[in-house]
Amino acid sequence: MFENIALGLNEIMSFSTLGLMLIGTFVGLVVGAMPGINGSMAMGILLPLTFSMTPIQGVVVISAIYCSATFGGSISAILLGIPGTISSMTTVFDGHPMAVKGKAGRALGIAILSSVFGGLFSALVLMLMTKPLAEQALKLGPSAYFALGILGLTSIVGLGGKNIYKGLLAALLGLLLSTIGIQPQTGAQRFVFGIHNLLQGIPFMSALIGLFGFTSIIKMAMDPLVSAKEKEKLPEFSNTWIGFKTIKKLIPSWLRGSVIGTIVGIIPGTGASIATFVAYDVEKKSSKNPEAFGTGVDEGIAAPESSNNGITGGSLVPLLALGIPGNSSAVFVLSALMIHGIRVGPHFLNENPALSYGLFVSLFLVNIIMAPMGLFVAKYMSKLLLLPKNLMLGIIAALCVLGTYSISNNIFDPLIALGFGVLGYIMHLSSIPTSPLILGLILGSMIESNFQQALVISRGKLNFLYTNPITAAILAIAILSLMQPYLSRSFKKWRSARK
Amino acid sequence: MSERRNGLITASIFFIIAVVFFVLTLNMTSKNAQFPRVICIFMALVSILLAIKNLRAKEEGVNSAVKIQSLMKALFLVGVIFIYVLVLEKIGFLISTILMLYIVSIFFKYPKPLKLLVISIVFPTVLYLVFKYLLEIRLPAGILPF
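Undergrad: When you look at the overall build of chain A in this model, what are you seeing that I'm missing?
TA: A count of helical and extended segments in chain A gives 20 helices and 2 strands. For chain A, the C-alpha radius of gyration of 22 Å lies close to 23 Å, the compact-globule estimate for 499 residues. Seen through its C-alpha atoms, chain A measures out along the principal axes to roughly 70 × 60 × 50 Å. In chain A, which comprises 499 residues, the share counted as buried stands at 61%. Excluding contacts between residues fewer than 6 apart, the proportion of contacts in chain A whose partners are at least 24 apart in sequence is 79%.

Have a look at this one:
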């Protein structure tokens, strides 16, 4: 363990890697803080650039943005009352009222320390849990892997969305799109329609950049573009140090929030918004005066803030141990590895000890340097809002095109990205979630190849679906996760009937 | 568009996709067709379920309709980006990006044309130099000699 940590430290201790970590953290904080732009978009745009970096530099940059954008969103949540990212939605409840009361510094101070606590906690869990989980996963056969892939999809549908059917359709569309190109086992062409560029399948990076970059600028173009007049409302703040007494008081809230965030993060498919709402709710219920929540209490900021950063490390656990990304942000970390031909899954830790422990150690560092940097970005929040949206549209468009073009020096990639951008916008209009689509696209080939291997082992019979106990159990959980909204509804009815 | 109509349209589109792709699998060998066929069958089933759910629901709550005007704005943006990508290799990254940035920002009413002109030239140039010298990625030079 300690040897590996030293190995990881050694991996990242270079001027350029640390510099990239600082840049990634800063970019994440800034884009996280700007309403309308989020970390996913920044990760998407910067992803192609990681191609010219070493593998460790690539994952460090991407995961630094991931962690710090989560906190950056809270800066605008507190100062403006507008969450910069979805994961800071709950922070608005108490963070903004506290800022309005003239205690913006205190709110920011609590948010920062809570985020750092949650981030460090989840990084620790990631470091401790990935190896045992991967070792268990190594014992699984193809049929169980097939089932795990299905579970990854159904849980993002069942736990993430309001409409199960629409989520399922999106996941199925992703799976269907993943079959485009050459079938890896047989070498046959599927759904290529004579387009030479499609032989290698849908370029995954372009799909990501399209869905996160282009879709958001199309959304921005549709909104009436207001120049930032909000800066007049920005509350002033000076002292952000909250004192040891408050810290001691908040530690239980931090622990609760971090545990909730990390657990929710580990479950594939669950988003940050669930974790923050659950953490806020738990905090309110365990408080002595729950009615004060929403008026600007310390715990109301501490709980969601520690939980949303708890997500970050948690969502990387299934990714690094099983090859299944915990949420759509973890997909970017996966892509940063895939771009260098590194396969993620149970063998990842053993095959790449320096890289994986380098990632763990860098997560610790990012969460620590995020604190002073975050305060700096908060100071200049009003300047950030001055960036006019009507200029951002063209700049983001250019960056998206540039990013996709540089993947293979071919205009096919930006065109595919633009197509996915339009698709993402249509899906947004019809309230179909896009994350199942992404996960389907990623997991498709893994699900298919494991399914076919399982079929070969069982001599062409489908009975492995229920005779293998592990496979059957995972599939049962998958079905349950789809029924989760119905189950929780009937549970609520049952509980209210008992009262 | 009401939520019910939205659901019905979504269901029919996905049903059509499922049928089309299923038909496309008919001339594949069974090993290649197996997986896409299963997906298509599930997709057709789920879209039927979605349709049934919406047929049984009452027409209620009008969803905020998308205004034609803002739809045109989005179409313009997509159109400009599309042309930008098409001409990228022919006239080069620098000129095409400068033009795209200027046109898009003017269309979306950026207030200061002169400042915009400077930004439109400086931003792509910096990007071009960063890519060429720092990242060592060559972008299409097009008609320019550098």
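On we go.
Undergrad: Explanation requested: the overall build of chain B in the structure shown.
TA: Summing up its helical and strand segments, chain B has 5 helices and 0 strands in all. Reading the helices (α) and strands (β) of chain B from amino to carboxyl end gives α-α-α-α-α. For 146 residues, the compact-globule estimate of 2.2 N^0.38 gives 15 Å, and chain B exceeds it by more than 25% at 24 Å. Counting the 146 residues in chain B, one finds 37% classified as buried. Sequence separation of at least 24 residues holds for 63% of the intrachain contacts in chain B that already meet a minimum separation of 6. For chain B, the exposed surface amounts to about 8,800 Å²; the carbon and sulfur share of it is 73%. The positive charge centre, built from 15 side chains, and the negative charge centre, built from 5, are 4 Å apart in chain B.

Undergrad: Got a minute to help me understand the interface of chain A and chain B in this structure?
TA: Where interface size is quoted, it is often the accessible area lost as the parts come together. Chain A puts 55 residues into the contact, and the matching count from chain B is 57 residues. Both faces combined, the contact of chain A with chain B buries some 5,000 Å², and carbon together with sulfur accounts for 82% of it. It is Tyr-165, Leu-169 and Leu-402 of chain A that lose the most area in chain A upon contact with chain B, and together they represent 13% of the buried surface on that side. If you look at where chain A meets chain B, you find 0 salt bridges. For the side of chain A that touches chain B, the secondary-structure elements that each account for two or more residues are helix 7 (164-178), helix 8 (204-222), helix 16 (389-408), helix 17 (412-429) and helix 18 (435-457) of chain A.

Undergrad: Explain a nonpolar patch on the surface to me, please; I cannot follow it from the model alone.
TA: All names here are of chain B. Among the surface-exposed residues, Phe-15, Val-19, Phe-22, Val-23, Leu-26, Val-38, Ile-41, Phe-42, Leu-45, Ile-48, Leu-49 and Ile-52 lie close enough to one another that they form a single nonpolar patch of about 1,000 Å² accessible area. At 7 residues, helix 2 (residues 30-56) tops the list of elements feeding residues into the nonpolar patch. Along the chain, Ile-48 turns up in helix 2. Judged by its relative accessible area of 39%, Ile-48 falls in the partly exposed class.

Undergrad: Help me understand the packing of aromatic side chains, please; the structure alone is not making it clear to me.
TA: The description of two aromatic rings rests on the distance between their centres and on the angle between their planes. With the rule as written, the count across this model stands at 15 aromatic pairs over all chains. Members of the aromatic cluster, joined through ring pairs, are Phe-93, Phe-277, Tyr-280 and Phe-293 of chain A. A cation over a ring is seen here: Arg-37 of chain B above Phe-22 of chain B, with NZ or CZ 5.8 Å from the ring centre.

Undergrad: Got a minute to help me understand the nonpolar core in this structure?
TA: When a protein is soluble and globular, its nonpolar side chains tend to lie buried together. The biggest cluster of nonpolar side chains holds 201 residues, and the ones touching the most others in it are Ile-75, Leu-79, Ile-217, Leu-320, Met-381 and Phe-420 of chain A together with Ile-81 of chain B. Here this core takes 15 residues from helix 5 (residues 91-138) of chain A, the largest share from any one element. Leave out the neighbours within four places in its chain, and Leu-320 of chain A touches Leu-126, Thr-130, Leu-337, Val-344, Gly-345, Phe-348, Leu-359 and Phe-360 of chain A. Among the nonpolar cores identified, the runner-up in size contains 5 residues, and Leu-391 and Ile-395 of chain A together with Leu-101 and Tyr-110 of chain B belong to it.

Undergrad: So what exactly am I meant to see when it comes to the environment of Gln-183 of chain A here?
TA: Tracing the backbone through its elements, the reader meets Gln-183 of chain A in the loop between strand 1 (181-182) and strand 2 (189-190). Look at Gln-183 of chain A and you get buried, because its relative accessible area is 0%. Residues Gln-183 of chain A and Ser-445 of chain A, spaced 262 residues apart in sequence, show a C-alpha to C-alpha distance of 8.7 Å. Setting aside its immediate chain neighbours within four residues, Gln-183 of chain A contacts Ala-188, Arg-190, Glu-448 and Gln-452 of chain A together with Asn-32 of chain B. Engagement of the side chain of Gln-183 of chain A in a polar contact is seen with the side chain of Glu-448 of chain A, the distance being 3.1 Å.

Undergrad: Would you take a moment to explain the pattern of salt bridges for this structure?
TA: Where charged atoms from two side chains of opposite charge come close, those side chains can pair. All names here are of chain A. Under the definition given, this model contains 5 salt bridges over all chains. Put simply, Lys-249 and Asp-298 hold a salt bridge, and the shortest N to O gap is 2.9 Å. Here Asp-298 lies in helix 11 (residues 298-322) and Lys-249 lies in helix 9 (residues 243-266), a separation of 49 residues in the sequence. The class for Lys-249 is partly exposed, based on a relative accessible area of 41%.

Undergrad: Which parts of the structure should I look at to understand helix 2 (residues 15-33) of chain A?
TA: Each α-helix winds once per 3.6 residues, and so residues spaced three or four apart point in a common direction. For helix 2 of chain A, which comprises 19 residues, the first-to-last C-alpha distance of 27 Å matches the rise-based estimate of 27 Å (1.5 Å per residue) to within 8%. Thr-17, Leu-20, Met-21, Gly-24, Thr-25, Gly-28, Leu-29, Val-30, Val-31, Gly-32 and Ala-33 of chain A are the residues of helix 2 of chain A that are buried.

Undergrad: Can you walk me through the packing of helix 9 of chain A against helix 11 of chain A in this structure?
TA: When two helices pack together, you describe them by how their axes are tilted relative to each other and by the distance separating the axes. Residues and elements named next belong to chain A. Between helix 9 and helix 11, whose axes approach to 6 Å, the crossing angle comes to 35 degrees. The handedness of the crossing between helix 9 and helix 11 is right-handed. Where helix 9 abuts helix 11, its residues Thr-246, Lys-249, Leu-250, Ser-253, Trp-254, Gly-257, Ser-258, Gly-261, Thr-262, Val-264, Gly-265 and Ile-266 lie against Asp-298, Glu-299, Ala-302, Ala-303, Ser-306, Ser-307, Gly-310, Ile-311, Gly-314, Ser-315, Val-317 and Pro-318. Partitioning the contact of helix 9 with helix 11 into residue classes produces 9 nonpolar, 12 polar and 3 charged.

Conventions used here
Residues numbered from 1 in each chain as written. Chains lettered and ligands numbered in written order. Predicted model: local features only at pLDDT ≥ 70, side-chain atom pairs only at ≥ 80, totals over all residues. Heavy atoms only, no water. Helix = DSSP H or I, 4+ residues; strand = E, 2+ residues; numbered from the N terminus. Rg over C-alpha atoms; globule rule 2.2 N^0.38 Å. Buried < 20%, exposed > 50% of the residue type's maximum accessible area, 1.4 Å probe, protein only. Contact = heavy atoms within 4.5 Å. Areas by Shrake-Rupley, 256 points an atom, 1.4 Å probe, with all protein chains shown as cover. Lys, Arg positive; Asp, Glu negative; His and termini not counted. Charge placed at Lys NZ, Arg CZ, Asp CG, Glu CD. Buried area = accessible area lost by both parts, 1.4 Å probe. Salt bridge = Lys/Arg side-chain N within 4 Å of Asp/Glu carboxyl O. Patch = residues over 30% accessible without salt bridge, like charges linked within 9 Å, V, L, I, M, F, W, Y side chains within 5 Å. Phe/Tyr/Trp six-rings, centres within 6.5 Å; stacked < 30°, edge-to-face > 60°. Lys NZ or Arg CZ within 6 Å of the ring centre and 35° of its normal. Core = buried A, V, L, I, M, F, W, Y, C linked by side-chain atoms within 4.5 Å. Polar contact = N/O pair within 3.5 Å; in protein donor to acceptor, adjacent residues only side chain to side chain. Expected span 1.5 Å × (residues − 1). Axes fitted to C-alpha atoms, helices over the stretch in contact; angles between N-to-C directions. Left-handed = near helix turned anticlockwise from the far one by under 90°. Nonpolar A, V, L, I, M, F, W, Y, C, P; charged D, E, K, R; others polar.

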